[in-house]
Amino acid sequence: MAKIFSGIQPTGIITLGNYLGALKQFVELQKDHETLFCIVDQHAITLPQNPTELRKAIRSLAAIYIAAGLDPNQSVLFVQSDVPAHAQLGWILQCIANLGELERMTQFKDKARGKESVPAGLLTYPPLMAADILLYNTEIVPVGEDQKQHIELTRDLAERFNKKYREIFTIPEAKIPKTGARIKSLQDPTKKMSKSDTNSKATIRILDDEQTIIKKIKSAVTDSEGIVRYDEEHKPGISNLLAIYSLISGKSIPELEKAYIGKGYGDFKHDVALTVAKHLQPLQTKYHTLVQSKELDEILEAGAKKANAIANKTLRKVENAMGMGFRRQ
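So, a few notes on the structure that sits alongside this text. (Residues numbered from 1 in each chain as written. Predicted model: local features only at pLDDT ≥ 70, side-chain atom pairs only at ≥ 80, totals over all residues. Heavy atoms only, no water.)

## Here's the deal with the packing of helix H3 (residues 51-67) against helix H13 (residues 294-322)
Step number 1: Direction vectors running N to C along H3 and H13 enclose 90 degrees, while the axes themselves pass 11 Å from each other. One finds that H3 runs roughly perpendicular with respect to H13. Residues Arg59, Ala62, Ala63 and Ile66 of H3 form the contact with H13, whose own contacting residues are Leu296, Asp297, Ile299 and Leu300.
Step number 2: Residue composition of the contact of H3 with H13, grouped by class: six nonpolar, no polar and two charged. (Axes fitted to C-alpha atoms, helices over the stretch in contact; angles between N-to-C directions. Helix = DSSP H or I, 4+ residues; strand = E, 2+ residues; numbered from the N terminus. Parallel < 35°, antiparallel > 145°, perpendicular 65-115°, else oblique. Contact = heavy atoms within 4.5 Å. Nonpolar A, V, L, I, M, F, W, Y, C, P; charged D, E, K, R; others polar.)

Rendered as structure tokens:
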């Protein structure tokens, strides 16, 4: 079985886009692969965080992972900062990365643009992301299109290390989902749905209640044509809603287009909203049962123990190859 690693930052509430583009895919991947999923809280602190809110968000994200269908008996689920080897290998990889290649990272340029001062961690977090992946001999990394550049850097750093020291790191491949990878904003369907969007109407969060979901989808931007058909260029709003409806219901887009011949956008939006709300309801129920439970603590503790065993073994190999440590061979 191929080894898969992925991580999500505990910042903001997971959106429907995150769920369809990542979590739903993870649930399928765990059936036939060796999977590790990480709550990357060390990445979260590259920007200022409220400590109380961050701790709450870590638990919330862990509960969402499980409520979405991740099975702790099949997958390893853990918090990044509970495995010190991530930061240790991250530092080592910073030392073999070049300043120029870090400054060329698109996400760094986007987040730093217009700011007088940015945290150094914002520049150097790609080597930490590389460490997250390389510690576990990862073969496949499910990511969105916006993370592809970071996977390319991870591959470069791994190959650079293997060539200079010893063949230790597995060279990972990015897996970018063909569907659900870029669910769009409800208010600006040319942009990705984002959990950091300041417009609350633009984003469906998977913990939104039924009435909130209905209200948001009914106010989604569409067009004046009045025909339910998929045309991403000329009808991005309706196309986005069709993609959501298809992914949730399991029906093909042509099948949905046929079902709404002669019907207006009002009926279509109402059905999309109800389908989304009903689909998320069992997830939400399980989440609220789990989020403050002792069971969640036990799952994360067990996951950290498994992750530490794998990560520490890789880290020791790396340090030995570089000549680090006392009396190590």
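## Examining the packing of aromatic side chains
Step number 1: On inspection of all chains with the given rule, the structure shows ten aromatic pairs.
Step number 2: Each ring, one from phenylalanine 26 and one from phenylalanine 37, has its centre 4.5 Å from the other, and the planes form 25 degrees; the classification is stacked. Here phenylalanine 26 is found in helix H1 (residues 16-29), whereas its partner phenylalanine 37 is found in strand E2 (residues 34-39), with eleven residues between them in sequence. Neither phenylalanine 26 nor phenylalanine 37 differs from the other in exposure class; each is buried.
Step number 3: Put simply, the rings of Phe5, Phe78 and Tyr136 pair up and form one aromatic cluster.
Step number 4: We note lysine 263 situated over the ring of tyrosine 260; from NZ or CZ to the ring centre the distance is 5.4 Å. (Phe/Tyr/Trp six-rings, centres within 6.5 Å; stacked < 30°, edge-to-face > 60°. Buried < 20%, exposed > 50% of the residue type's maximum accessible area, 1.4 Å probe, protein only. Lys NZ or Arg CZ within 6 Å of the ring centre and 35° of its normal.)

## A word on the nonpolar core
The tendency in soluble globular proteins is for nonpolar side chains to be buried as a group.
Step number 1: Counting 59 residues, the largest nonpolar core has Leu16, Tyr19 and Tyr65 as its most contacted members.
Step number 2: Per element, the largest residue contribution to this core is ten residues, and it comes from helix H12 (residues 265-290).
Step number 3: Residues in contact with tyrosine 65, not counting those within four places in the same chain, are Ser6, Gly7, Ile8, Leu23, Phe26, Phe37, Cys38, Ile39, Leu70 and Leu77.
Step number 4: Within the second largest apolar cluster, 40 residues are counted, among which are Cys38, Ala112, Leu153 and Phe161. (Core = buried A, V, L, I, M, F, W, Y, C linked by side-chain atoms within 4.5 Å.)

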